[in-house]
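Each chain is listed here by its residues.
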Amino acid sequence: VQLQASGGGLVQAGDSLRLSCTAPGRTFRLYSASWFRQAPGKEREFVSVILWNGGGTYYADSVKGRFTISRDRASNMVYLQMNSLKPEDTAVYYCAARSISGNYYYSRSTDYDRWGQGTLVTVSS
């Protein structure tokens, strides 16, 4: 497993959760890290991305103002702080990393070559 995501769970609408993603024993160079999600019966969709070196961030409109992505370069960790959760945020959340050079806010799943196993977030109304 190249990336490991954790922190999912069952919460109520309006609650917060923080997801974590680590790259244990990373041997590849990182240019950006992102979070995607996939709800039941739907395609995987982009949530947020952070540039590994500069720290710049970009969000999907659906989560802007509620979610915050961050990273700790020293520990190879990426976080997704999710506030004001809504039932429509229910999904399996995946962390992804891009080890191919490129300083851009990539938002397609095909732009990323390293993936974690996903963590389930369920938001009840």
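Coordinates for the structure precede this section.
Just so it is clear, the model here is predicted, and its values are computed rather than measured.

(A) Examining the packing of aromatic side chains more closely. Going through the model one piece at a time under the given rule, you end up with six aromatic pairs. Judged by centre distance (6.0 Å) and plane angle (25°), the rings of Phe46 and Tyr58 are stacked. Of this pair, Phe46 sits in strand S5 (residues 45–51) while Tyr58 sits in strand S6 (residues 57–59), and the two are twelve residues apart along the sequence. Classification of Phe46 as buried rests on a relative accessible area of 12%. On the basis of relative accessibility, which here comes to 39%, the residue Tyr58 falls in the partly exposed class. Within the aromatic cluster, the residues linked to one another by ring pairs are Phe36, Phe46, Tyr58, Tyr105, Tyr112 and Trp115. The residue whose ring lies beneath Arg44 is Tyr94, and the NZ or CZ to ring-centre distance is 3.8 Å. The side chain of Arg98 reaches across the aromatic face of Tyr106, ending 3.9 Å from its centre.

(B) Just the pairing of strand S9 (residues 91–98), in detail. For S9, the buried fraction is high: seven of the eight residues fall into the buried class. As judged from the seven bridges shared by strand S4 (residues 32–38) and S9, these two strands associate in the antiparallel manner. Across the sheet, Gln38 pairs through a bridge with Val92, a residue of S9. Bridge count between S9 and strand S11 (residues 119–124): three bridges; the pairing is antiparallel. In the strand pairing of S11, Val92 is matched with Leu120.

Conventions used here
- Residues numbered from 1 in each chain as written.
- Predicted model: local features only at pLDDT ≥ 70, side-chain atom pairs only at ≥ 80, totals over all residues.
- Heavy atoms only, no water.
- Phe/Tyr/Trp six-rings, centres within 6.5 Å; stacked < 30°, edge-to-face > 60°.
- Helix = DSSP H or I, 4+ residues; strand = E, 2+ residues; numbered from the N terminus.
- Buried < 20%, exposed > 50% of the residue type's maximum accessible area, 1.4 Å probe, protein only.
- Lys NZ or Arg CZ within 6 Å of the ring centre and 35° of its normal.
- Pairing = 2+ DSSP bridges.

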